[in-house]
Amino acid sequence: KGFMLDEKYGYVHSCPTNLGTGMRASVHIDLPGWTEHGVDKLKARCEELALQPRGTRGESGGQTGCTYDISNKHRLGYSEIQLVQTMIDGVNTLYKEDLEWQEKLFKFPDIKSTHSLVAKHVTKEIWEKLGKHVTKTAGFTLYKAIACAIEFDNQHCGIYAGDWDSYKDFADVFDPLIQEYHGISADAKHTSDMDFSKITGNVNPAAPVHSTRIRVGRSIDGFGLSPGITQEQRLGVETLMKGAFGKFKDELAGQYYPLTGMDEAVRQQLVDDHFLFVSGDRNLQVAGMERDWPEGRGIFHNTDKTFLVWVNEEDQLRIISMEKGGDVLGVFKRLAKGIQAVGDSVEKESGKGFMLDEKYGYVHSCPTNLGTGMRASVHIDLPGWTKEGVDKLKARCEVLALQPRGTRGESGGQTG
């Protein structure tokens, strides 16, 4: 007996897509220039060259870093020799173009935010050393990290991390920048403590507090951070969280609302509750955080609407506890329970924990949130201080290690 060889369809296979030669000739090659230029553009170029780009883990394994499996696209209608030649010629073309893209995309950038920490710490010498490096987890580059400082002229910090690797691989930039921003020494180590029994007292019950809110960010190890996270990784985070939400009990129990395909009535209710995060923030867009919007993103809240989790916004997870009034201790207790419930579920399901760095604490996409990633806040009426002067209130808050903001958030202004 011989091999099944059909006059019309060539070598016979179980899958008709493999008819003809049944051959895939491939190489694993690093293409950092094409990665920076855009994976979708690489795919389009491969189509022109009769090639197929894949991740190094096969057809459905996804792609990370800048390493690709490049192979012939066709099986049928061409001879084996033709397909191997197509692959060789195409790979040589892609490599030549990759070098051209590197030259264009990895040259020292024009940083518009000239007074930013990025402008201070990203020198030409540092760029020569790190400008072409691509991280392993998310295929992130220094150019992508400082995109906001390049695009805008109003950044103070101006840098984001695309994965945990970014903080390590680009440490020559991140370390001095973080130390300057947070006022810590080079040998500082972060300590985390969520033991609410150690908190003494509470906000004075006579104080005119409207509401209390405490939030933290958390990132699951093994996945990219929002600026660099791949589509596959983002969906993986959402899948893990759906499983976690389904296990919540008692006061934490509630429902998850994915942004994709959200019912209009649900969307309006989340807007009315001030729970919904939306697209359109130019900083987040330029930083790469709104890619594939709204896929893989959503909001969970418990039945009482006092515990929320945002999935895949600026951070993989924003975990929030809040309620009317000034019971800060009660809100913190609920937050601690919620964080523990999320962490336990994710670890049981995937064996992964939260990204926790010995030096910088919990890892976030924005270095300004490193450490606890926590903002504990109250909305309170201070008519006496308002009359005395907002600038004097700001100065007093500085002495008390507090930050006063308007009730509409970081850039929303203050009224009343």
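Here the structure is shown first, and the text comes after it.
All values derive from a computational prediction rather than experimental measurement. (Residues numbered from 1 in each chain as written. Predicted model: local features only at pLDDT ≥ 70, side-chain atom pairs only at ≥ 80, totals over all residues. Heavy atoms only, no water.)

### Regarding the overall build of the protein chain
Okay, step 1: The helix and strand tally for the protein chain stands at 15 helices and 13 strands.
Okay, step 2: Reported as C-alpha extents along the three principal axes, the dimensions of the protein chain are approximately 90 × 50 × 40 Å.
Okay, step 3: Going through the 416 residues of the protein chain one by one, you find that 45% of them count as buried.
Okay, step 4: A separation threshold of at least 6 residues defines the contact pool for the protein chain, and within that pool the share at least 24 residues apart is 71%.
Okay, step 5: Taken together, the 50 basic and 58 acidic charged side chains of the protein chain have centroids lying 2 Å from each other. (Helix = DSSP H or I, 4+ residues; strand = E, 2+ residues; numbered from the N terminus. Buried < 20%, exposed > 50% of the residue type's maximum accessible area, 1.4 Å probe, protein only. Contact = heavy atoms within 4.5 Å. Lys, Arg positive; Asp, Glu negative; His and termini not counted. Charge placed at Lys NZ, Arg CZ, Asp CG, Glu CD.)

### Description of the sheet that holds strand E7 (residues 254-258)
Okay, step 1: Taken in spatial order, the 6 strands of this open sheet run E7-E8-E9-E10-E6-E13, and their pairing is antiparallel. Of all strands in the sheet, those bounded by a partner on one side alone are E7 and strand E13 (375-380). Each neighbouring strand pair of the sheet contributes to a mean axis angle of 15°, computed without reference to strand direction.
Okay, step 2: The pairing of strand E6 (residues 209-218) with E13 spans 6 bridges and is antiparallel. (Pairing = 2+ DSSP bridges. Axes fitted to C-alpha atoms, helices over the stretch in contact; angles between N-to-C directions.)

### Things to note about the state of the cysteines
Okay, step 1: Across all of its chains, the model carries 0 disulfides by this definition.
Okay, step 2: As a non-bridged cysteine, cysteine 148 has cysteine 366 as the owner of its nearest cysteine sulfur, 9.4 Å distant.
Okay, step 3: Note on cysteine 148: relative accessible area 1%, which makes it buried.
Okay, step 4: Cysteine 366 supplies the cysteine sulfur nearest to cysteine 157, a cysteine that is in no disulfide, at a spacing of 5.5 Å. (Disulfide = S-S within 2.5 Å.)

### Looking at a nonpolar patch on the surface
Okay, step 1: Taken together, the side chains of Val203, Val378, Ile380, Leu382 and Trp385 define a hydrophobic patch exposed on the protein surface, amounting to about 330 Å² of accessible area.
Okay, step 2: One can find valine 203 in the loop between helix H9 (171-182) and E6.
Okay, step 3: For valine 203, a relative accessible area of 30% corresponds to the partly exposed category. (Patch = residues over 30% accessible without salt bridge, like charges linked within 9 Å, V, L, I, M, F, W, Y side chains within 5 Å. Areas by Shrake-Rupley, 256 points an atom, 1.4 Å probe, with all protein chains shown as cover. Salt bridge = Lys/Arg side-chain N within 4 Å of Asp/Glu carboxyl O.)

### Some points on the environment of aspartate 292
Okay, step 1: Residue placement: aspartate 292 occurs in the loop between helix H12 (282-287) and strand E8 (298-302).
Okay, step 2: Between the C-alpha atoms of aspartate 292 and arginine 234, which are 58 residues apart in sequence, the distance is 9.6 Å.
Okay, step 3: Beyond its immediate sequence surroundings of up to four residues, aspartate 292 is in contact with Gln231, Arg234 and Arg297.
Okay, step 4: Within the local environment of aspartate 292, its side chain forms a polar contact with the side chain of arginine 234, the two groups lying 3.0 Å apart. (Polar contact = N/O pair within 3.5 Å; in protein donor to acceptor, adjacent residues only side chain to side chain.)

### Section: the environment of glycine 33
Okay, step 1: As for its placement among the helices and strands, glycine 33 is situated in helix H1 (residues 32-37).
Okay, step 2: With relative accessibility at 0%, the residue glycine 33 sits in the buried group.
Okay, step 3: In contact with glycine 33, not counting residues within four places along its chain, are Asp98, Trp101, Gln102, Leu105 and Phe106.

### Brief notes about the pairing of strand E10 (residues 317-324)
Okay, step 1: The buried fraction of E10 amounts to 6 of the 8 residues, a majority that puts the element mostly inside the structure.
Okay, step 2: Bridge count for E6 against E10 is 8 bridges, and the pairing is antiparallel. For threonine 212, the partnering residue across the bridge sits in E10 and is glutamate 323.
Okay, step 3: In textbook terms, the turn of a hairpin is the stretch between consecutive antiparallel strands, and for strand E9 (residues 307-311) and E10 this stretch comprises 5 residues, one of which, asparagine 312, has a positive phi near 60°.

### Looking at the environment of methionine 374
Okay, step 1: The residue methionine 374 is located in the loop between strand E12 (361-362) and E13 in this model.
Okay, step 2: Remark: the alpha-carbon pair of methionine 374 and isoleucine 320, spanning 54 residues in sequence, is separated by 9.6 Å.

### Some words on the side chain of glutamine 316
Okay, step 1: As for its position among the elements, glutamine 316 is in the loop between E9 and E10.
Okay, step 2: In this structure glutamine 316 comes out as buried when scored by relative accessible area, which is 1%.
Okay, step 3: Within polar-contact distance, the side chain of glutamine 316 engages the backbone nitrogen of isoleucine 220 at 2.5 Å.
Okay, step 4: Setting aside its immediate chain neighbours within four residues, glutamine 316 contacts Arg218, Ser219, Ile220, Phe223, Gly224, Leu225, Ser226, Val237, Trp310, Val311 and Met355.

### So, the packing of aromatic side chains
Okay, step 1: Evaluation of the coordinates by the stated rule reveals 11 aromatic pairs.
Okay, step 2: Geometrically, the ring pair formed by phenylalanine 248 and phenylalanine 307 is edge-to-face, given 6.1 Å between the ring centres and 65° between the ring planes. With phenylalanine 248 in the loop between helix H10 (231-247) and E7 and phenylalanine 307 in strand E9, this residue pair connects regions lying 59 residues apart in the sequence. Each member of the pair phenylalanine 248 and phenylalanine 307 is classed as buried.
Okay, step 3: Ring plane angle 70° and centroid distance 6.4 Å describe the contact between phenylalanine 300 and phenylalanine 307, whose orientation is recorded as edge-to-face.
Okay, step 4: Cluster of aromatic residues (ring-pair linked, three or more members): Phe245, Phe248, Tyr256, Phe300 and Phe307.
Okay, step 5: Taking NZ or CZ as reference, lysine 168 lies 4.2 Å from the ring centre of tryptophan 164, over its face.
Okay, step 6: Directly above the ring of phenylalanine 354 sits arginine 218, whose terminal nitrogen or CZ lies 5.9 Å from the centroid. (Phe/Tyr/Trp six-rings, centres within 6.5 Å; stacked < 30°, edge-to-face > 60°. Lys NZ or Arg CZ within 6 Å of the ring centre and 35° of its normal.)

### Thoughts on the pattern of salt bridges
Okay, step 1: Considering all chains together, one arrives at 18 salt bridges under this definition.
Okay, step 2: Linking lysine 189 and glutamate 358 is a salt bridge whose minimum nitrogen-to-oxygen distance equals 3.6 Å. With lysine 189 in the loop between H9 and E6 and glutamate 358 in the loop between strand E11 (356-357) and E12, this pair connects stretches of sequence that are 169 residues apart.
Okay, step 3: Overall, lysine 189 belongs to the exposed group, its relative accessible area being 58%.
Okay, step 4: Owing to a relative accessible area of 59%, glutamate 358 belongs among the exposed residues under this scheme.
Okay, step 5: Lysine 305 serves as the salt-bridge partner of aspartate 273, at 2.7 Å between the closest nitrogen and oxygen. Here aspartate 273, found in the loop between helix H11 (264-272) and H12, pairs with lysine 305, found in the loop between E8 and E9; they are 32 residues apart in sequence, far enough to count as distant.
Okay, step 6: Overlapping salt bridges, with partners in common, bring together Glu251, Glu323, Arg334 and Lys337 in one network.

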